[in-house]
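Here's the letter readout for the chains.
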Amino acid sequence: MTKTTLEDWKALASKELKGADPDTLNWETPEGITVKPVYTAEDTAQLDNTDTLPGFEPYLRGPRATMYAGRPWTIRQYAGFSTAEESNNFYRKALAAGQQGVSVAFDLATHRGYDSDHPRVVGDVGKAGVAIDSVEDMKILFSGIPLEKISVSMTMNGAVIPVLASFIVAGEEQGVPRAQLSGTIQNDILKEFMVRNTYIYPPEPSMRIVADIIEYTAAEMPKFNSISISGYHMQEAGATLVQELAFTLADGREYVRAALAKGLDVDAFAGRLSFFFAIGMNFFMEASKLRAARLLWSRIMKEFNPKKPGSLMLRTHCQTSGVSLAEQDPYNNIVRTAYEAMAAALGGTQSLHTNSFDEAIALPTEFSARIARNTQLILQHETGVTNVVDPLAGSYYVESLTNELATKAWALIEEIEAMGGMTKAVNDGLPKRLIEEAATRKQAAIDRGDEVIVGVNKYRLEEETAIDILDIDNAAVRTAQIKRIEDTKRRRDSKAVEAALAALTKVAETGQGNILAAAVEAARARATVGEISDAMRSAFGDHAAVPEVVHHVYDEAYKGDPEMAQLTARIADYAKTSGKPKIMVAKLGQDGHDRGAKVISSAFGDIGFDVLAGPLFQTPEEAADLAVKSQVQVVGMSSLAAGHKTLAPQLIEALKANGGGEIIVVVGGVIPRQDYQFLYDAGVAAVFGPGTNVLDAARAVMDLVEGRKRND
């Protein structure tokens, strides 16, 4: 056979393209990586680490020598809703059906350190996770689940101290000493300041909490992972894969330094650090990302001169993307999740959660969760991917992508290092700003159709079929939780609680002692999550972020687009006689997921609206007061945590009470179609569900503004 060269391929490709240059087939990723249609040995000839083996530094090909051939990844389902009783029932069924670990989703009241009876969380209790107010709830949550055998992952950052303390006490009272408890607590507060926003305290004391947890678990809980350094929420907020990789690993470096500052030996805790990445739809890029992450983390950890090889090893949990799920034609989400799960497995994840197909609309039902869980079971048992370690190794394309991602991520990590580290970069706002710019560019690409989402902006169904969804009775959950809080407080020793909380505050104020150790004593005395959080609030204070909106990203993406030009001209004409139409984008309740709100604020500003970005965590009354004082014409309520049926009617009533009854209220976000009529009946003028084109939303809002003006 005659040996062919790359030049031979280019000649043949040019012929097939009718004389065009084959470079026209190159694709530019959002990360700025040029992807070619063909890769050859030339692309990998100069790369390091391509001849390494699994289980050896730099762990490019996997942290374990045998990987899935020896033991498959752990199948997890991230779940929690309503009460501890309901969630416990779900966990026990899932474990019986093949799930191998419990991953707990807490409601937003718990995340923000409020008890269920607090007036600021009326619409949040039990809606986007399980409500936990004390050890009593935690004991019910894990009733009948052998904590000495089942590992427990808890996604908790803001209220990490009271939640972990309550878990430790619940384990003890189940008969499982804390030394036998296995699992992971997320404990990744820097990420919260960048994207998810379920923080409580300012960055500096928050970092002290992280270090105290690492210290306590290193000494007391040898089987428990003290931190899960998360890039997942960064990608969900719109980060590119390079940003997710760089910011996550830079966070990890910062946490290691915080632990070392406590006087800990790096080998005493490094092996219990874990990571958490999102897996989106760019299949080969996602698999390459995990390989690059292991390579770079090994490089970072060598700076700290560990003696154990395992201290250089990155171990990660992954979750399929939530933002890739679509409300439209939702059964397509099953296929998306399967591809994402395959990418995670080929990248070498240690555990995996697969999202349910209905999670773009509501919490998963038992039916949808079973499909998601079986997706992993089929992947493990029927596809053969567990038979070979790192089957993509040696691929010209994958090895090149791995190198490109690692190179670009390392450059960003070094930029952060030059700023003084991740805490300073977060305080400066750099990661948040870059992620919000990337999110706005991505939304513009989807709206323009440059990025195809099947069933959303292409191949869309003429008529959608309704699916069954899980609907939580928020009021009933809150009533039940308040009763349990009252019962717990009635039975406990009040003086013991007061003494334990005072001791906790003193540790927080003085820096003498370990915060988690003091909180365990408070939880044992039956102090509530809110009381333990408040004891630290009195020492640390609250963190309040100032909302910022990026500009000139959306209009740059739409430069020269006739639809955009027509809409901006329409708004400019309106402004000549009536002033710019003014909209307030409001985030109500304790939902800190602000990607949608930020994208809308940025895009509407570029289109020509006068945009007021409201602060996070407002009550309906606070939002109404700000809207009236600011003389807005429209309030756009962004809802991603299922609180819309409680909070939207309250907002409308509060506007009326404040003399703003003429202000138009629209709602956007994760809202089931079954709820649209309820919102219309409550006085909402328009509802914009997932997948709504931003230009369409802007046109609809202008129709409402001009219609209201004509009727005045």
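So, here is what we can say about the structure in this document. Please read these numbers as outputs of a predicted model, since none were measured by experiment.

## Observations regarding unusual backbone geometry
Here is step 1: Omega for the peptide link from glutamate 57 to proline 58 comes to 10 degrees, which places this bond in the cis form.
Here is step 2: Phi at asparagine 197 is positive, roughly 70 degrees, even though this residue is not glycine.
Here is step 3: Within the secondary structure layout, asparagine 197 lies in the loop between helix 7 (189-196) and helix 8 (203-220).
Here is step 4: The backbone phi angle of arginine 526 is positive, close to 80 degrees, even though this residue is not glycine.
Here is step 5: Of note, arginine 526 is situated in the loop between helix 20 (515-524) and helix 21 (529-540).
Here is step 6: The exposure class of arginine 526 is buried, given its relative accessible area of 12%.

## Focus: the sheet that holds strand 3 (residues 74-79)
Here is step 1: Across the sheet, nine strands lie side by side as 7-6-5-4-3-11-10-9-8; this open sheet has parallel pairing. The strands lining the two open edges of the sheet, one partner per strand, are strand 7 (224-225) and strand 8 (227-230).
Here is step 2: Of the pairings in the sheet, the one linking strand 8 to strand 9 (residues 273-279) comprises four bridges and is parallel in character. Bridge pairing links serine 228 to serine 274 in strand 9.
Here is step 3: Contacts from helix 10 (residues 241-261) reach strand 8 and strand 9 within the one sheet, and its direction differs from that of strand 9 by about 165 degrees.

## Quick word on the side chain of serine 87
Here is step 1: Note on placement: serine 87 falls in helix 3 (residues 84-96).
Here is step 2: Apart from the residues within four sequence positions on either side, serine 87 is in contact with Gly80, Phe81, Val130 and Leu141.

## Some points on the packing of helix 17 (residues 430-448) against helix 24 (residues 595-607)
Packed helix pairs are specified by the crossing angle of their axes together with the interaxial distance, meaning the distance between the axes.
Here is step 1: For the pair helix 17 and helix 24, the least separation of the axes is 10 Å and the interaxial angle reads 70 degrees. Judged by the inter-axis angle, helix 17 sits roughly perpendicular to helix 24. Here Lys432, Glu436, Ala439, Thr440, Lys442 and Gln443 of helix 17 come into contact with helix 24, specifically with Arg595, Lys598, Val599 and Ser602.
Here is step 2: Among the residues making up the contact of helix 17 with helix 24, the classes are represented as two nonpolar, three polar and five charged.

## A few points about the environment of glutamate 303
Here is step 1: Here glutamate 303 lies in the loop between helix 12 (283-302) and strand 10 (316-320).
Here is step 2: Put simply, glutamate 303 and aspartate 703 are 400 residues apart on the chain and 59 Å apart in space, counted from C-alpha to C-alpha.
Here is step 3: Those residues within four positions of glutamate 303 in sequence are excluded, and the remaining contacts are Arg253, Arg257 and Trp410.
Here is step 4: A polar side-chain atom of glutamate 303 sits 2.4 Å from a polar atom in the side chain of arginine 253.

## Looking at the environment of glutamate 464
Here is step 1: On the secondary structure map, glutamate 464 appears in the loop between helix 17 and helix 18 (474-491).
Here is step 2: On the basis of relative accessible area, glutamate 464 is assigned to the partly exposed category, the value being 24%.
Here is step 3: Distance from glutamate 464 to aspartate 329, taken between C-alpha atoms, is 6.6 Å for residues 135 residues apart in sequence.
Here is step 4: When neighbours within four sequence positions are excluded, glutamate 464 is seen to be in contact with Gln328, Asp329 and Pro330.

## Some words on the packing of aromatic side chains
Here is step 1: In the structure shown here, the tally under the stated rule is 17 aromatic pairs.
Here is step 2: Ring centres 5.0 Å apart and planes at 70 degrees place the aromatic pair tyrosine 68 and tryptophan 73 in the edge-to-face group. Neither residue differs from the other here; tyrosine 68 and tryptophan 73 are each classed as buried.
Here is step 3: The interplanar angle of 70 degrees and the centroid separation of 4.8 Å between the aromatic rings of phenylalanine 275 and tryptophan 297 together place this pair among those described as edge-to-face. Linking phenylalanine 275 in strand 9 with tryptophan 297 in helix 12, this pair joins segments that are 22 residues apart in sequence.
Here is step 4: Residue classification places phenylalanine 275 among the buried positions, given a relative accessible area of 1%.

So, how was this worked out
Residues numbered from 1 in each chain as written. Predicted model: local features only at pLDDT ≥ 70, side-chain atom pairs only at ≥ 80, totals over all residues. Heavy atoms only, no water. Helix = DSSP H or I, 4+ residues; strand = E, 2+ residues; numbered from the N terminus. Buried < 20%, exposed > 50% of the residue type's maximum accessible area, 1.4 Å probe, protein only. Pairing = 2+ DSSP bridges. Contact = heavy atoms within 4.5 Å. Axes fitted to C-alpha atoms, helices over the stretch in contact; angles between N-to-C directions. Parallel < 35°, antiparallel > 145°, perpendicular 65-115°, else oblique. Nonpolar A, V, L, I, M, F, W, Y, C, P; charged D, E, K, R; others polar. Polar contact = N/O pair within 3.5 Å; in protein donor to acceptor, adjacent residues only side chain to side chain. Phe/Tyr/Trp six-rings, centres within 6.5 Å; stacked < 30°, edge-to-face > 60°.

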